[in-house]
Amino acid sequence: MNQKQQDIITVVLWIFCVVVVVGSIYALYVTFGTAAPYHKKIFPGLSAEPIELMAETGQLSESAMVAYHYAELFMELLDLGIPVFAILVFHHLLMNLRALMQEKGVKF
Amino acid sequence: MSDLADKYIERFTLNQRLQHGINAVACLLLFLTGLPVKFPDQLGYIAIMMGGFNVTTVIHRMGGTAILALALFHFLYYVIDRGWFKDKEIIPTPKDVLDAIDDTKYIVGLSDEKAHYKKFSYREKLDYWGAVIFFPILIVTGVLLWHPAFAVHYFLPADYLPAVRLIHSMDAILAGMAVMLHMYNVHLSPKFFPVNWTMFTGMISEEMAEEEFPLWYERVKQEQLEEP
């Protein structure tokens, strides 16, 4: 495949992806109506109270509470990523420092 | 400055730079409009400055649409082009672990040389695969929250949505951390500060390529020699 053919495929693929996504979103609007105004934390079939409060005050079903707690646990585990990121930045920073020391001829 | 500082080689194609640009702008908009929803008391002023929550939620959905189209394109493109499998540049390998160990030895003075990277170091691979893991979670939960009636109709009971919302927002915060790590690696690191132009121009100086990605640089030079 030459460069021109590759470029054409790329453009066609972009158009296809945008059409698919926008079309799907439009279909969702047509089928299910206006999107949720989730800045107010309202969901269909639920009260207008903040969802954290609903979880705390036992307004969710037992299985939904389990799902909520599993989600919390899962995210707690993922939060381990934050110290990992901090370590990686520190690691990179120390590498830069070492390179600078080497450049200046500082003995380690 | 050596002669190599004035010579440039291509590191990213226009296609890759466009994808990265769309991703960067969309992510910025998503963080800017998503964080005030998560922390309305502390960051609500951002939404007010942008015209209120009615405006920011529309912008958030536009950003989400861009990310969704980009993810679809990225996936299809690399399946068609076989980019992930053909050159294996971005696939994590055991060498990445060894490189990280070598770099640590370099930091503590046990070695005078840092690891020799191929086209992408373990840091870049971590950035990339972090996005590949985080984005599908964000996309799926985002679509479910966008259209809860659709979610409830097909996928889950209504009162599971709080769990979905928690996953979406916390995953986004974690993704924000990954973006900060990426910003340090590519721009704020003393070597590149204040800005690294490679992702904007697609070119890297041969001097930088030789220093940062020596194995890739050697391969590129070899390929250039072999070209008729």
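The notes below deal with the structure included here.

## Thoughts on the overall build of chain B
Looking only at helices and strands, chain B has 11 helices and 2 strands in total. Shown N-terminal to C-terminal, the secondary structure of chain B runs as helices and strands in the order β-α-α-α-α-α-α-α-α-α-β-α-α. Considering only C-alpha atoms, chain B reaches an extent of 60 × 40 × 35 Å along its principal axes. Looking at chain B residue by residue over its 228 residues, the buried ones come to 46%. Within chain B, contacts between residues separated by at least 24 positions form 65% of all contacts whose residues are at least 6 apart in sequence. Looking at chain B as shown, the accessible area adds up to about 12100 Å², and 69% of this sits on carbon and sulfur atoms. The centroid of the 19 positive side-chain charges in chain B is displaced by 5 Å from the centroid of its 26 negative side-chain charges.

## Concerning the overall build of chain A
When helices and strands are tallied, chain A shows 4 helices and 0 strands. Secondary structure of chain A in N-to-C order comes out as α-α-α-α. Burial statistics for chain A: of 108 residues in total, 31% are counted as buried. Within the structure as shown, chain A displays about 7000 Å² of accessible surface, and the carbon and sulfur contribution to it stands at 69%.

## Points about the interface of chain B and chain A
Interfaces are frequently sized by the accessible area removed from exposure as the parts join. Counting residues at the interface gives 62 residues for chain B, matched by 52 residues for chain A. Of the roughly 5500 Å² buried where chain B meets chain A, counting both sides, 76% is carbon and sulfur surface. There are 1 salt bridge connecting chain B and chain A. Across the salt bridge formed by B:Asp112 and A:Arg98, the nearest N and O atoms sit 3.2 Å from each other. Take the side of chain B that touches chain A: its biggest share by element is 15 residues, from helix α3 (residues 53-81) of chain B. For the side of chain B that touches chain A, a count of residues per class yields 40 nonpolar, 13 polar and 9 charged.

## Description of the nonpolar core
Buried together is how nonpolar side chains tend to be arranged in soluble globular proteins. A:Phe85, B:Ile67, B:Phe134 and B:Phe135 are the most contacted members of the largest nonpolar core, which totals 14 residues. Residues in contact with B:Phe135, not counting those within four places in the same chain, are B:Asn23, B:Cys27 and B:Ile67. By size, the runner-up hydrophobic cluster in this structure holds 13 residues, among which are B:Tyr117, B:Ile204, B:Ala209 and B:Val220.

## A word on helix α11 (residues 214-226) of chain B
Residue pairs spaced three or four apart in an α-helix point in one direction, given the helix's 3.6 residues per turn. Residue and element names in this part refer to chain B. Between its first and last C-alpha atoms α11 spans 18 Å; for 13 residues at 1.5 Å apiece the expected length is 18 Å, and the two agree. Those residues of α11 lying buried are Pro214, Trp216, Tyr217 and Val220. Buried residues of α11, seen end-on, are gathered within an arc of 160° and therefore sit on one face of the element. Within α11, the exposed residues directed more than 90 degrees away from the buried face are Glu218, Leu225 and Glu226. On its buried face, α11 is in contact with β1 (8-10), β2 (203-205) and α10 (206-212).

## Re the pattern of salt bridges
Residues and elements named next belong to chain B. Tallied over the entire structure, the rule returns 9 salt bridges over all chains. One salt bridge connects Lys114 with Glu212, and the closest N-O pair in it is separated by 3.3 Å. Placement of the pair is Lys114 in the loop between α5 (94-107) and α6 (122-146) and Glu212 in helix α10, with a sequence separation of 98 residues.

The rules we used
- Residues numbered from 1 in each chain as written.
- Chains lettered and ligands numbered in written order.
- Predicted model: local features only at pLDDT ≥ 70, side-chain atom pairs only at ≥ 80, totals over all residues.
- Heavy atoms only, no water.
- Helix = DSSP H or I, 4+ residues; strand = E, 2+ residues; numbered from the N terminus.
- Buried < 20%, exposed > 50% of the residue type's maximum accessible area, 1.4 Å probe, protein only.
- Contact = heavy atoms within 4.5 Å.
- Areas by Shrake-Rupley, 256 points an atom, 1.4 Å probe, with all protein chains shown as cover.
- Lys, Arg positive; Asp, Glu negative; His and termini not counted.
- Charge placed at Lys NZ, Arg CZ, Asp CG, Glu CD.
- Buried area = accessible area lost by both parts, 1.4 Å probe.
- Salt bridge = Lys/Arg side-chain N within 4 Å of Asp/Glu carboxyl O.
- Nonpolar A, V, L, I, M, F, W, Y, C, P; charged D, E, K, R; others polar.
- Core = buried A, V, L, I, M, F, W, Y, C linked by side-chain atoms within 4.5 Å.
- Expected span 1.5 Å × (residues − 1).
- Arc of directions from axis to C-beta.

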